[in-house]
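Single-letter residue listing:
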Amino acid sequence: MRLTGSVVLVTGASSGIGAALVRRLTRAGSHVLAVGRDPDRLDRIAAETGAIPLRADLALPGAARDLAERAMERHGRVDVLVNNAGVGWAGPFGSMPTERAEEVLAVNLRAPVELTGALLPGMCHRGGHLVFVGSIAGRLGVAEEAVYAASKAGLDAFARSLQLESACPRVGVTVVVPGVVRTAFFDRRGRPYHRNRPRPIPPDRVAEAVTDAIVRNRAEVYLPAWLRVPVAVQGLLPAVYRRLASRFG
């Protein structure tokens, strides 16, 4: 797919992976709709790149459908949808407030499903591409991130199921499976990342991989690539994986 002239909607665009994507996509000649819920940061990235800022709180019921309507009013079409927005929470599941669990599930899973449902029919006629930014937590499960992992696992299964459908053959679907990315996500989830391994990767690296996946219609991207190894071990030797995970985290 060509990015030049394409209309690309990026959620979670005010910082981290989303902001890096907005910068890269605008440089590639795309018309970018940058979506976020922090108006100051969103306005800064829009001023820097020329992207169109669209403020939305995807935790709210109906916000995704409203966002799709505003995007269509702005350009009349969306060629590429990047479902990147995500929130997390760290701690024992028993101590997780119900409202935080609802927010994590709403932003990470419900909103992408609704936004995809609203924009996919138009893409089926014109062609397009869907990107789902998941997490290695969704492939493996992570202690003390149960709801976050569940939300990303659901997103992962939704995206991979869409890949198997034949109703829209002109629409590509990419699942991105990043590990630890150097963003403010960990501070916002309530627990900073302090481990030396695995080393966080820069958001620009994820943005580069996502852009390449859209152009080349790649179905799946692991970042870094070695994350395929623990996924394979879990699938082939689940007991061994559980022992390793309980020892090393």
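The coordinates are above.
Residues numbered from 1 in each chain as written. Predicted model: local features only at pLDDT ≥ 70, side-chain atom pairs only at ≥ 80, totals over all residues. Heavy atoms only, no water.

### Some remarks on the overall build of the protein chain
The condition is simple: Where helices and strands are cited, they refer to DSSP runs of H or I of at least four residues and of E of at least two residues respectively, numbered from the N terminus. Atoms counted for the radius of gyration: C-alpha only. Globule rule: 2.2 Å times the number of residues to the power 0.38. By definition in these notes, contact holds between two residues if any of their heavy atoms fall within 4.5 Å. All accessible-area figures derive from a Shrake-Rupley calculation using a 1.4 Å probe, and residue coverage is judged against the displayed protein chains alone.
Tallying secondary structure elements over the protein chain gives ten helices and seven strands in all. The C-alpha radius of gyration of the protein chain comes to 17 Å, within 12% of the 18 Å expected for a compact globule of 249 residues. The C-alpha extent of the protein chain, read off along each of the three principal axes, is 50 × 40 × 30 Å. For the protein chain, long-range pairs separated by at least 24 residues make up 66% of all intrachain contacts whose partners lie at least 6 apart in sequence. Of the roughly 12,000 Å² of accessible surface on the protein chain, 54% is carried by carbon and sulfur atoms.

### Brief notes about the side chain of Asn83
Threshold: The cut-offs for exposure are 20% and 50% of the maximum accessible area for each residue type, with area from a 1.4 Å probe on protein chains only; residues under the lower value are buried, those over the upper are exposed, and the others partly exposed. Polar contact is the term for a pair of N or O atoms within 3.5 Å; when the atoms are in protein, one must be able to donate a hydrogen and the other to accept it, and sequence-neighboring residues count only if both atoms are side-chain atoms.
Here Asn83 lies in strand 4 (residues 80-83). A relative accessible area of 4% places Asn83 in the buried class. A polar contact is formed between the side chain of Asn83 and the side chain of Thr116, at a distance of 3.4 Å. Once you skip the residues sitting within four places of it in the chain, Asn83 turns out to touch Thr11, Pro112, Leu115, Thr116, Val131, Phe132 and Val133.

### Digging into helix 3 (residues 63-75)
Note the threshold: To estimate the expected span of a helix, count its residues, drop one, and scale the result by 1.5 Å. Directions drawn from the helix axis to the C-beta atoms are what define this arc.
Taking 1.5 Å of rise per residue, the 13 residues of helix 3 would be expected to cover 18 Å, and the 19 Å separating its terminal C-alpha atoms lies within 8% of that figure. By the burial criterion, the buried members of helix 3 are Ala63, Ala64, Leu67, Ala68 and Ala71. Projected down its long axis, helix 3 carries its buried residues within an arc of 140°, all on one side. Along helix 3, the residues that are exposed and aim more than 90 degrees away from the buried face are Glu69 and Glu73. At its buried positions, helix 3 is contacted by strand 1 (7-10), strand 2 (31-36), strand 3 (52-55) and helix 4 (98-126).

### Section: the packing of aromatic side chains
Cut-off, in case you're wondering: The pairing test for Phe, Tyr and Trp rings, Trp by its six-membered ring, is centres within 6.5 Å, and the orientation test on the planes gives stacked under 30 degrees, edge-to-face over 60, and tilted for anything in between.
All chains considered together, the criterion is met by one aromatic pair. Geometrically, the ring pair formed by Phe132 and Phe158 is edge-to-face, given 5.7 Å between the ring centres and 90° between the ring planes. Taken as a pair, Phe132 in strand 5 (residues 128-133) and Phe158 in helix 6 (residues 146-164) lie far apart in primary sequence, 26 residues in all. Take Phe132: its relative accessible area is 1%, and that puts it in the buried class.

### Some words on the pairing of strand 6 (residues 171-178)
What counts, and what does not: Between any two strands, pairing holds if DSSP finds at least two bridges.
The buried count for strand 6 comes to eight of eight residues, which makes it a mostly enclosed element. Covered by surrounding structure in strand 6 are Val171, Val173, Val175 and Val177 together with Gly172, Thr174, Val176 and Pro178, the residues of both alternating faces. Two elements, strand 5 and strand 6, share six bridges in a ladder whose sense is parallel. Each residue of the ladder has a partner; that of Gly128, found in strand 6, is Val171.

### Focus: the sheet that holds strand 1
Within a sheet, each strand pairs with its neighbour through backbone hydrogen bonds, oriented either parallel or antiparallel. Put simply, the rule is: Lines are fitted to the C-alpha atoms to define the axes, a helix being fitted only along its stretch in contact, and any angle between axes, read from their N-to-C directions, falls within 0 to 180 degrees.
Taken in spatial order, the seven strands line up as 3-2-1-4-5-6-7 in an open sheet, and their pairing is parallel. Every other strand in the sheet has two partners, leaving strand 3 and strand 7 (220-223) as the edge strands with one partner each. Each neighbouring strand pair of the sheet contributes to a mean axis angle of 15°, computed without reference to strand direction. The sheet contacts of helix 8 (residues 203-216) involve strand 4, strand 5, strand 6 and strand 7, and relative to strand 7 the element is tilted by about 165°.

### Focus: the state of the cysteines
Filter applied, for reference: In this description, the term disulfide denotes a pair of cysteine sulfurs within 2.5 Å.
In total, this model carries one disulfide according to the counting rule given. The disulfide partner of Cys124 is Cys168, and the S-S distance across this bridge is 1.7 Å. For the disulfide bridge between Cys124 and Cys168, the dihedral angle about the S-S bond is near 65°, and by the sign convention the bridge is right-handed. You can see Cys124 sitting in helix 4 and its partner Cys168 sitting in the loop between helix 6 and strand 6, a full 44 residues away along the chain. For Cys124, a relative accessible area of 23% translates into the label partly exposed. Judged by relative accessible area, Cys168 falls into the buried class, the value being 17%.

### So, the packing of helix 1 (residues 16-27) against helix 8
Cut-off, in case you're wondering: Just so you know how the angles are binned, under 35 degrees is roughly parallel, over 145 roughly antiparallel, 65 to 115 roughly perpendicular, and the rest oblique. Here a crossing is taken to be left-handed if its near helix is turned anticlockwise relative to the far helix by less than a right angle, and right-handed if that turn runs clockwise.
Direction vectors running N to C along helix 1 and helix 8 enclose 55°, while the axes themselves pass 8 Å from each other. Regarding the angle of helix 1 to helix 8, the classification is oblique. The two elements helix 1 and helix 8 meet at a crossing, and its hand is right-handed. Between helix 1 and helix 8, the contacting residues are Gly16, Ile17, Ala20, Leu21, Arg24 and Leu25 on the first element and Pro203, Asp204, Val206, Ala207, Glu208, Val210 and Thr211 on the second.

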